Amino acid sequence: MTEDDLKRIENGFYTYSDFFVERSGDPKAHRLKQAHTARVCENIKVLADSIGLDATGRNMAQATAWLHDVGRFPQFEVYGTFSDPLSKNHAALSVGVILRQNFLEGISRRERKLVLRSVALHNRPCLPEKLDPRLSLLAKLLRDADKLDIYKVMMAHYRSAETGETSFITHDMADDGRVSVELAGEIMRGKGFHYSRIATLNDMKLFQVGMIYDLNFPASFSAIRDREVVPVILGSMPPFPESESLSRIIATYVNQKSLL
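These numbers come from a predicted model, not from an experiment. Here the residue index of a chain counts from 1 through its sequence in written order. Predicted model: local features are reported for residues with pLDDT of at least 70 only, side-chain atom pairs are reported and counted for 80 or more only, and whole-chain, interface and lining totals are derived from all residues. Side-chain metrics in this entry use all non-hydrogen atoms of the structure; hydrogen atoms and water are not considered.

With that out of the way, let us pick up the overall build of the protein. Where helices and strands are cited, they refer to DSSP runs of H or I of at least four residues and of E of at least two residues respectively, numbered from the N terminus. When helices and strands are tallied, the protein shows 12 helices and zero strands. Ordered by position from the N terminus, the helices and strands of the protein form the series α-α-α-α-α-α-α-α-α-α-α-α. It is over C-alpha atoms that the radius of gyration is taken, and the globule rule equals 2.2 Å times the number of residues to the power 0.38. Taking 260 residues into account, the globule formula puts the C-alpha radius of gyration at 18 Å, and the protein, at 18 Å, falls close to it. Based on the C-alpha atoms only, the size of the protein along its principal axes is roughly 55 × 45 × 30 Å.

Written out as structure tokens, the structure reads:
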């Protein structure tokens with residue numbers, strides 16, 4: 001994939017997403033996804049450089065970043081939510097949009113397949129164990145770059161005093177003031193849990209802490225540590241007995257992974 005190919009994909013992304021912005025009565029959600037996509041692209045460049053990826057590989061990685069969430073725009077327009085369980089799988093929607101809009105026209109069949117499969121895999125709970133090494137690398141880069149910006153958006157949301165205006169970010173989850181001891185315990189034992197188990201806002205926050213176990217690159221863990229992601233998330237939750245232990249366990253894990 002060349003720089004010209006990548007520029008066409010970027011231009012195509014904005015042409016497509018601007019259509020939803022311009023015809024929306026309240027384009028805040030669509031603009032948020034445009035900004036998210038641009039930041040994921042910046043994140044993936046940093047991660048690609050951190051592992052010494054060549055120019056072609058870096059362009060491929062950026063292409064997946066520009067296209068990974070194009071399905072979010074029709075998703076929100078039709079369903080009024082970014083929640084996949086309440087609508088449709090946004091990765092599958094994105095693949096459909098990519099194909100219908102011919103975003104990958106002019107690049108090789110092999111490259112098209114890699115981009116499409118990376119987009120399709122980016123929101124899976126985990127990656128399949130046996131993947132083509134090229135696909136595995138692209139998918140991991142995209143998943144990490146995406147999560148890093150999800151953390152950025154969520155941290156800003158949790159720090160804001162006006163969260164009601166952007167409650168769609170947390171899928172309008174109710175805050176019952178409680179923290180699940182069961183879910184916190186699973187994270188402390190070194191594993192996350194499936195999105196389907198989220199029932200409240202604090203469940204979602206624990207889920208986001210658990211997402212750290214799915215990161216893949218030392219640069220990703222360094223960013224999590226330096227941005228103090230976990231202290232911000234846990235600090236936005238009501239006090240619970242396992243809080244300090246959970247914070248310590250995750251901090252140790254992140255520090256170890258950042259040094260690999």
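Phi angles above zero are rare outside glycine, and N102 is one such case at about 55 degrees. As for its placement among the helices and strands, N102 is situated in the loop between α5 (90–101) and α6 (109–121). Burial status follows relative accessibility: with a 1.4 Å probe on protein chains alone, a residue under 20% of its type maximum counts as buried, one over 50% as exposed, and anything between as partly exposed. We classify N102 as partly exposed; its relative accessible area is 47%. Although it is not a glycine, E228 sits at a positive phi angle of roughly 55 degrees. Take E228: it is sitting in the loop between α10 (218–226) and α11 (229–235). Residue classification places E228 among the partly exposed residues on the basis of a relative accessible area of 48%.

Turning to the packing of aromatic side chains, a few remarks are in order. For this analysis, a ring pair means two rings from Phe, Tyr or Trp (six-membered ring only for Trp) whose centres lie within 6.5 Å, classed as stacked if their planes differ by under 30 degrees, edge-to-face if by over 60, and tilted for the remaining angles. If you walk through the whole model with that rule in mind, you get 13 aromatic pairs. Between F19 and F20, the ring centres sit 5.5 Å apart and the planes meet at 85 degrees, which makes this aromatic pair edge-to-face. The partly exposed category is assigned to F19, whose relative accessible area is 41%. Accessibility expressed as a relative area gives 4% for F20, which makes it buried. Ring centres of F221 and Y253 lie 5.8 Å apart, and the angle between their planes is 75 degrees; this geometry places the pair in the edge-to-face category. Here Y253 lies in helix α12 (residues 243–258) and F221 lies in helix α10, a separation of 32 residues in the sequence. Of the two residues examined, F221 and Y253, each falls in the buried class.

Before going further, it helps to spend a moment on the packing of helix α1 (residues 3–23) against helix α2 (residues 28–50). Taken N-terminus to C-terminus, the directions of α1 and α2 make an angle of 160 degrees; their axes are 9 Å apart at the nearest point. When the axis of α1 is compared with that of α2, the two are roughly antiparallel. Judged by the twist between their axes, the crossing of α1 over α2 is left-handed. Here F13, Y14, S17, D18, F20 and V21 of α1 come into contact with α2, specifically with H30, R31, Q34, T37 and A38. Three classes are used: nonpolar for Ala, Val, Leu, Ile, Met, Phe, Trp, Tyr, Cys and Pro, charged for Asp, Glu, Lys and Arg, and polar for all others, with Gly counted as polar. Residue composition of the contact of α1 with α2, grouped by class: five nonpolar, four polar and two charged. Each axis is a line fitted through C-alpha atoms, and for a helix only the stretch in contact is used; angles between axes span 0 to 180 degrees, taken between their N-to-C directions. Any angle that falls under 35 degrees is termed roughly parallel, while one over 145 is termed roughly antiparallel, one within 65 to 115 roughly perpendicular, and all others oblique. It is the rotation of the near helix from the far one that decides the hand of a crossing: anticlockwise by less than a right angle makes it left-handed, clockwise makes it right-handed. Residue contacts follow a heavy-atom distance rule, with two residues in contact if any of their heavy atoms lie within 4.5 Å.

A few words now on the environment of F103. Of note, F103 is situated in the loop between α5 and α6. Along the sequence, F103 and I9 sit 94 residues apart, while their C-alpha atoms lie 5.9 Å from each other.

Here the focus is the side chain of S220. Along the chain, S220 turns up in helix α10. Overall, S220 belongs to the buried group, its relative accessible area being 0%. If near-sequence neighbours (up to four positions away) are discounted, S220 is found in contact with L47, D144, L148 and L215.

Let us look at a positive patch on the surface. On the surface, a cluster of positive charge is contributed by R109, R112, K113, R117 and R124. Looking at the element boundaries, R124 is found in the loop between α6 and α7 (133–159). Patch rule: a residue counts if its relative accessible area is over 30% and it has no salt bridge; like charges are joined within 9 Å, and nonpolar side chains (Val, Leu, Ile, Met, Phe, Trp, Tyr) within 5 Å. In these tables, accessible area is a Shrake-Rupley quantity obtained with a 1.4 Å probe, and a residue counts as shielded only by the protein chains included in the view. Here, a salt bridge means any Lys or Arg side-chain nitrogen found within 4 Å of an Asp or Glu carboxyl oxygen. Under this rule, positive means Lys or Arg and negative means Asp or Glu; His and the chain ends count for nothing. The location of each charge is read from NZ of Lys, CZ of Arg, CG of Asp or CD of Glu.

Bringing α12 into the picture now. The length a helix should cover is 1.5 Å for every residue beyond the first. With 16 residues, α12 should reach 22 Å at 1.5 Å per residue; the first-to-last C-alpha distance of 22 Å fits that figure. Residues of α12 that are buried: S243, L246, I250, Y253, V254 and S258. Buried positions in α12, seen along its axis, are confined to an arc of 125 degrees and lie on one side of it. Residues E244 and R248 are exposed on α12 and point more than 90 degrees away from its buried face. Tucked inside the fold, the buried residues of α12 contact α8 (181–188), α9 (201–210), α10 and α11. The arc in question is the one traced by the directions running from the helix axis out to the C-beta atoms.

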